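Here is how the chains run, residue by residue.
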Amino acid sequence: MDILNIQGITKQYPKFRLDNVRFRVPGGSVVGFIGENGAGKTTTLKAALNLIRPDSGKVEYFGKDVRTLSEREKAGIGMVLDDVCLPDSVKVREISPILSGLIPTWDGERFSELTAAFSLPPDSAVGALSKGMKMKAGLAAALSHRANLLLLDEATSGLDPVARDEVLDLLYAFVKDENHAVLMSSHIVEDLEKICDYVVFIHEGRIVFEKSADQLREEFALFKGSDEQLRALPPGAVIRIRRTPFSLSALVNRKAAGTRFPLERASLDDIMLFYIKGESR
Amino acid sequence: MKGLLLKELIASKAILRWYAFLFTAFFIVGIVLQNEGFFFGVGVFMAVSYPSISIAADEKEKWLKFALASGCPPLKIAASKYVIPLTLALLIALASALALCLIPDPSLPWMGLPVLFTLTLILVSLMIPVYLRFGVEHGRVVGMVIIVIAVAGSAAAFGAFVNIGLITSTVAGAVLCGLSPLLGLAAAALSIAVSTKILRKKEF
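Residues numbered from 1 in each chain as written. Chains lettered and ligands numbered in written order. Predicted model: local features only at pLDDT ≥ 70, side-chain atom pairs only at ≥ 80, totals over all residues. Heavy atoms only, no water.

A. Examining the overall build of chain A more closely. Broken down by element type, chain A carries 11 helices and 14 strands. On C-alpha atoms alone, chain A measures out to a radius of gyration of 21 Å, which is about the 19 Å that the 2.2 N^0.38 rule sets for 281 residues. Residue pairs in contact within chain A that sit at least 24 positions apart in sequence constitute 69% of those at least 6 positions apart. If you sum the accessible surface of chain A, you get close to 12200 Å²; carbon and sulfur atoms cover 48% of it. In chain A, which carries 37 positive and 39 negative side-chain charges, the distance between the mean positions of the two groups comes to 5 Å. (Helix = DSSP H or I, 4+ residues; strand = E, 2+ residues; numbered from the N terminus. Rg over C-alpha atoms; globule rule 2.2 N^0.38 Å. Contact = heavy atoms within 4.5 Å. Areas by Shrake-Rupley, 256 points an atom, 1.4 Å probe, with all protein chains shown as cover. Lys, Arg positive; Asp, Glu negative; His and termini not counted. Charge placed at Lys NZ, Arg CZ, Asp CG, Glu CD.)

Here is the structure:
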């Protein structure tokens, strides 16, 4: 069952076009949304939150168009946007009374547990918190919705490795329920590699691929060698090539490349870099 | 709505405290000098300028985006922006009524109060949609014009009551003045509808 289904979203801006973006977020999964700055990740998440009006296409949450969701249904989507959006003048302990009056499914006890777990000082104003602590406050709020879907836009940026690990554990626990799912964009690809079941890669407003973590591991590999060795690879094996004055490397299809040359594991960073900076054969 | 109002109150605590201090100071000076006009303008200015402060804070904190993304209906969000300014307008009208009781020979007739209240409501109703549509930064020019109209309008209305005594001299005029807040409330209702439409169409 798909919790979120993005169906051909197109949105034209003066200098940018989100072009026929489509992918799914299945229940019980974490979907990593990757791409360089300005690729269209935040715009896509905004479309999923009905914060922008696409020129065409639609977004469905549990099969229902997000534009027609009721207040209670919409509360089933928890989000942390790149800017946390909690009022600066409000103290951490005041967040729960405010959001309980705003979000019909609010769970105050859960919020208290999470703020304690994140060591958020209850008497500090949100504006006085560090970026990482603000992010934790935003995450605590998103996880206290009794939400089915979490949309996280760079939610782990600004967090130290220990806090990031705690957040990933929380997300992992969250998606154990088949009615829950997470769609997260992040530049910390290491986090995505740890937790994602699927990865969607967007480049210049277009989806390059939507693959499961297993598919990525099986399909992509790194080749490092000489021009001569590269030429010896089967024609369909080479996806992208990167040349520097001192080295030559290529992103290859593991199966098509065969076992003639040693191949290395391609990380998400590598895959992104090759697609964005690399050249075709 | 409860959450939106609570946020509004907590976020505006400092400015509301400052407003209370300023208005009290002007009120006392007005009573001592036996010049109620001294604080009428300040009161109207406060109610009319409050939305720009509140909406500017919302813009900085991206609160409206958060509230809409959380599923809060645009109507509730829009309506929440009117509660404090309208309450301020009412409190200022009540304080002005108290002043008229305390000043032995006030220059403003009693019937001027509902008209001032109506004027404040209309100005607030004009400004909030402008700020929501264009943002406080861009809407500031329009806001300045509205504030100038507010001050000039209240002064003109005040002068009209004092010098001409035209409206209050007739029963029909007095009834018209007494019922004028209905016009203000209608303007507020229309303005809430416009603000809701703006929020519904707004992209973040």
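B. Focus on the packing of helix H3 (residues 92-100) of chain A against helix H1 (residues 2-11) of chain B. At a minimum axis distance of 7 Å, the contact between H3 of chain A and H1 of chain B shows a crossing angle of 145°. Where H3 of chain A crosses over H1 of chain B, the handedness of that crossing is left-handed. In this structure, H3 of chain A contributes Glu94, Pro97 and Ile98 of chain A to the contact, and H1 of chain B contributes Gly3, Leu6, Lys7 and Ile10 of chain B. (Axes fitted to C-alpha atoms, helices over the stretch in contact; angles between N-to-C directions. Left-handed = near helix turned anticlockwise from the far one by under 90°.)

C. Molecular detail of the sheet that holds strand E11 (residues 220-224) of chain A. Residue and element names in this part refer to chain A. Strands sit in the order E12-E13-E11-E14 across an open sheet of four strands; the sheet is antiparallel. Every interior strand has two partners, whereas the edge strands, strand E12 (238-243) and strand E14 (263-265), have only one. Taking each pair of neighbouring strands and ignoring which way they run, the sheet shows an average axis angle of 30°. Across five bridges, E12 lies against strand E13 (residues 248-253) in antiparallel orientation. Within the sheet, the bridge partner assigned to Val238 lies in E13 and is Val252. Sheet strands touched by helix H11 (residues 268-277): E11, E12, E13 and E14. Its angle to E12, the strand with the most contacts, is close to 80°. (Pairing = 2+ DSSP bridges.)

D. Fine view of the nonpolar core. Leu4, Leu99 and Leu151 of chain A are the most contacted members of the largest nonpolar core, which has 125 residues in total. Considering each element in turn, this core owes the most residues, 10 residues, to helix H6 (residues 112-164) of chain B. Taken together, domain 1 (2-204) and domain 2 (216-277) of chain A each give at least three residues to this core, which thus spans both. Leave out the neighbours within four places in its chain, and Leu99 of chain A touches Leu86, Trp106 and Ala141 of chain A together with Trp63 and Phe66 of chain B. Counting residues in each nonpolar core, the second largest holds 19 residues, with Val42, Met46, Ala47 and Ala95 of chain B among its members. (Core = buried A, V, L, I, M, F, W, Y, C linked by side-chain atoms within 4.5 Å. Buried < 20%, exposed > 50% of the residue type's maximum accessible area, 1.4 Å probe, protein only. Domains from an automatic or database assignment.)

E. Here's a closer look at the domain arrangement of chain A. All names here are of chain A. What the domain assignment reports for chain A is domain 1 (2-204) and domain 2 (216-277). The distance between the C-alpha centroids of domain 1 and domain 2 comes to 34 Å. Taken together, the contact pairs nine residues of domain 1 with eight residues of domain 2. At the boundary of domain 1 with domain 2, total buried surface from both sides reaches about 800 Å², with 79% on carbon and sulfur atoms. Contact with domain 2 buries area across many residues of domain 1, yet Val189, Glu193 and Phe201 alone supply 56% of it, more than any other trio. The tally of links from domain 1 across to domain 2 stands at one salt bridge. Residue Arg265 pairs with Glu193 through a salt bridge whose shortest N-O separation is 3.5 Å. (Buried area = accessible area lost by both parts, 1.4 Å probe. Salt bridge = Lys/Arg side-chain N within 4 Å of Asp/Glu carboxyl O.)

F. Broad picture of the interface of chain A and chain B. Of the residues lining the interface, 28 residues belong to chain A; the matching set on chain B comes to 29 residues. Both sides of the chain A and chain B interface together cover about 2400 Å² of buried area, and 59% of this is carbon and sulfur. Three residues stand out in chain A for area buried against chain B, namely Leu51, Cys85 and Leu102 of chain A, and they jointly supply 24% of the buried area on that side. Scanning the region where chain A abuts chain B turns up three salt bridges. Here Asp88 of chain A makes a salt bridge to Lys60 of chain B, at a shortest N to O gap of 3.2 Å. Put simply, chain A and chain B have 11 residue pairs in polar contact (both at pLDDT 80 or more) between them. When contributions to the side of chain A that touches chain B are tallied by element, the ones reaching two or more residues are helix H2 (71-74) and H3 of chain A. With four residues, the single largest contributor to the side of chain A that touches chain B is H3 of chain A. Class assignment for the residues of the side of chain A that touches chain B results in 17 nonpolar, two polar and nine charged. (Polar contact = N/O pair within 3.5 Å; in protein donor to acceptor, adjacent residues only side chain to side chain. Nonpolar A, V, L, I, M, F, W, Y, C, P; charged D, E, K, R; others polar.)

G. Structural context of the pairing of strand E4 (residues 56-61) of chain A. Residue and element names in this part refer to chain A. Inspection of the sheet shows strand E1 (residues 2-12) paired to E4 by five bridges, in the antiparallel sense. Within E4, the position partnered with Thr10 by the bridge is Ser56. Bridge analysis of E4 against strand E5 (residues 64-65) gives two bridges, and the strand direction is antiparallel. Residue pairing for E5: Glu60 is matched across the bridge by Asp65. A loop of two residues connects E4 with E5, the two strands running antiparallel in sequence, and Phe62 in this loop sits at a positive phi of about 50°.

H. Structural context of the pattern of salt bridges. Throughout the structure, instances matching the rule amount to 24 salt bridges over all chains. One salt bridge connects Lys58 of chain A with Glu60 of chain A, and the closest N-O pair in it is separated by 3.1 Å. When salt bridges with common partners are traced through the structure, they connect Lys7, Glu8, Asp58 and Lys81 of chain B into a single cluster.

I. Representation of the packing of aromatic side chains. Residues and elements named next belong to chain A. Scanning all chains against the criterion turns up 13 aromatic pairs over all chains. One aromatic cluster is present, built from ring pairs that chain together Phe201, Phe209, Phe220 and Tyr275. Above the plane of the ring of Tyr13 lies Lys11, whose end atom (NZ or CZ) is 5.6 Å from the centre. (Phe/Tyr/Trp six-rings, centres within 6.5 Å; stacked < 30°, edge-to-face > 60°. Lys NZ or Arg CZ within 6 Å of the ring centre and 35° of its normal.)

J. Structural detail: the sheet that holds strand E6 (residues 77-80) of chain A. Residues and elements named next belong to chain A. Pairing is mixed in the open sheet, where six strands are placed in the order E6-E7-E8-E3-E9-E10. Looking at strand neighbours, the two that pair on one side only are E6 and strand E10 (206-212), the edges of this open sheet. Averaged over all pairs of adjacent strands, the angle between their axes in this sheet comes to 15°, without regard to strand direction. Bridge analysis of E6 against strand E7 (residues 149-153) gives four bridges, and the strand direction is parallel. Bridge assignment links Met79 to a residue of E7, and that residue is Leu151. Sitting on the sheet, helix H1 (residues 41-48) is in contact with strand E3 (29-34), E6, E7, strand E8 (181-185) and strand E9 (198-203), with an inclination near 150° to E7. Contacts from helix H5 (residues 131-142) reach E6 and E7 within the one sheet, and its direction differs from that of E6 by about 175°.

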